[in-house]
Amino acid sequence: MTDEPVADRGAERLILLLVGAVGAGKGTQATILSRELGLVHLASGNLFRAALAAGTELGEAARGYMEAGELVPDELTIAMFMEELARPAADAGAILDGFPRTVGQARALDDTLAAAGERIRRVLYIEVPTDILVRRVAGRWICPQCGTPYHEDTDPPREAGRCDRDGTPLRQRDDDRPEVVRARLDKQVPPMLAVVEHYERAGIVDRLDGTQPIERVTDAILSSIGSRSGH
Ligand code: AMP
């Protein structure tokens, strides 16, 4: 990690922020957008987990917070993102995912980016009503034997409750039980909305209807950032 500012690449680099609750389809859209637009996908949770697994200085510094399920302090989190943004993989731009997660983090990131002559260009907020989010997440089942995922509504097994491949009874992750999903959303949504409002004041938010099919959401995102759809 270094204290040096990122080289000024001009405001042209496309830095996007993707916002959405668990189950909104953020990960799916990030993967598609990163491929279609050549942007690096920077997901805070994944970056921290990778740093932890690799035993880096950052990983060690973040370990205690992550294990306690707390937010890693802003300085560390911002330093990590700025380091990722300085890599050649981010030359065309980046999709930020999972950060900023609070208004405090948003302000700190805005200031740090501004000091490097950059800014978040658009904030893409994938909106899905809570009941639908709960249904999406709580409908997920997995085969404990072979790991095949299923979904009650969109991808059910041929025989209810059993894996198509090996007949093993399917399980639900503890995290995915409806009451746990609701509790996660109750905690997650208010700070997320505050971040969206923060960027709405700057006039850079696009609200997208995340109940639409995946391709429609992608198309809406691409048109909102002025890129043509590839399909
Ligand atoms: P996640 O996979 O997004 O739930 O993140 C896993 C862990 O990484 C969290 O419990 C935090 O310790 C850390 N983390 C992820 N995003 C942030 C963030 N924006 N700010 C601080 N810590 C974060």
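Scroll up to find the structure.
Given the structure is predicted, the values throughout are model-derived calculations rather than measurements.

(A) Main features of the side chain of Asp97. Inspection of the secondary structure assignment puts Asp97 in strand S3 (residues 93-97). Within the local environment of Asp97, its side chain forms a polar contact with the side chain of Lys26, the two groups lying 2.5 Å apart. Other than its neighbours up to four places away in sequence, Asp97 contacts Leu18, Lys26, Ala30, His41, Leu42, Ala43 and Ser44.

(B) A look at the packing of aromatic side chains. Applying the stated criterion across every chain yields a total of 1 aromatic pair. A centroid spacing of 4.6 Å and a plane angle of 20° characterise the contact between Phe81 and Phe99, whose relative ring orientation is stacked. Taken together, the positions of Phe81 in helix H4 (residues 74-85) and Phe99 in the loop between S3 and helix H5 (103-115) put the pair 18 residues apart, joining distant regions of the chain. By relative accessible area, Phe81 is classed as buried at 1%. The class for Phe99 is buried, based on a relative accessible area of 1%.

(C) Just the site of the ligand, in detail. The ligand sits among 13 residues. The nearest are Ser44, Glu70, Gly98, Arg101 and Gln105. For the ligand, a nitrogen atom lies 2.8 Å from a polar atom in the backbone of Gly98. Between the ligand and Gln105 there is a distance of 2.7 Å, counted from a nitrogen atom to a side-chain nitrogen or oxygen. A total of 470 Å² of accessible area belongs to the ligand in isolation, and the protein chains cover 80% of it. Broken down by element, the residue count for the shell around the ligand peaks at 4 residues, all from helix H2 (residues 44-54). Across the shell around the ligand, the residue classes break down as 5 nonpolar, 5 polar and 3 charged.

(D) Just the sheet that holds strand S2 (residues 40-43), in detail. On the basis of which strands lie adjacent, the open sheet formed by 5 strands has the order S2-S3-S1-S4-S7 and parallel pairing. A strand with exactly one partner marks an edge of an open sheet, and here the two such strands are S2 and strand S7 (205-209). Neighbouring strand axes in the sheet, compared pairwise and without regard to direction, differ in orientation by 25° on average. Pairing of strand S4 (residues 122-127) with S7 involves 5 bridges; the strand directions are parallel. Residue pairing for S7: Tyr125 is matched across the bridge by Arg207. The strands touched by H4 are strand S1 (14-19), S2 and S3; relative to S2, the strand with the most contacts, the crossing angle is about 170°. Along the sheet face, helix H7 (residues 178-201) touches S1, S4 and S7 and points at about 130° away from the line of S7.

(E) Fine view of the packing of helix H6 (residues 130-138) against H7. Direction vectors running N to C along H6 and H7 enclose 130°, while the axes themselves pass 9 Å from each other. As far as their axial angle goes, H7 and H6 are oblique. Handedness of the H6/H7 crossing: right-handed. Residues Thr130, Asp131, Leu133, Val134, Val137 and Ala138 of H6 form the contact with H7, whose participating residues are Pro178, Val181, Arg182 and Leu185. Broken down by class, the residue content of the contact of H6 with H7 amounts to 7 nonpolar, 1 polar and 2 charged.

(F) A look at H5. An ideal rise of 1.5 Å per residue puts 18 Å on 13 residues; H5 measures up with 18 Å between its terminal C-alpha atoms. Taken as a whole, H5 has its buried residues at Val103, Gln105, Ala106, Leu109 and Leu113. The buried residues of H5 occupy an angular sector of 150° when the element is viewed end-on, so they sit on one face. Across H5 from its buried face, at more than 90 degrees, point the exposed residues Asp111 and Ala115. Looking at the buried side of H5, the elements it contacts are S1, H4, S3 and H7. Of the residues trailing H5, Gly117 is marked for its positive phi of about 75°.

Conventions we followed
Residues numbered from 1 in each chain as written. Predicted model: local features only at pLDDT ≥ 70, side-chain atom pairs only at ≥ 80, totals over all residues. Heavy atoms only, no water. Helix = DSSP H or I, 4+ residues; strand = E, 2+ residues; numbered from the N terminus. Polar contact = N/O pair within 3.5 Å; in protein donor to acceptor, adjacent residues only side chain to side chain. Contact = heavy atoms within 4.5 Å. Phe/Tyr/Trp six-rings, centres within 6.5 Å; stacked < 30°, edge-to-face > 60°. Buried < 20%, exposed > 50% of the residue type's maximum accessible area, 1.4 Å probe, protein only. Near = heavy atom within 4 Å. Areas by Shrake-Rupley, 256 points an atom, 1.4 Å probe, with all protein chains shown as cover. Nonpolar A, V, L, I, M, F, W, Y, C, P; charged D, E, K, R; others polar. Pairing = 2+ DSSP bridges. Axes fitted to C-alpha atoms, helices over the stretch in contact; angles between N-to-C directions. Parallel < 35°, antiparallel > 145°, perpendicular 65-115°, else oblique. Left-handed = near helix turned anticlockwise from the far one by under 90°. Expected span 1.5 Å × (residues − 1). Arc of directions from axis to C-beta.

Function cannot be inferred from these measures alone, as they are strictly geometric.
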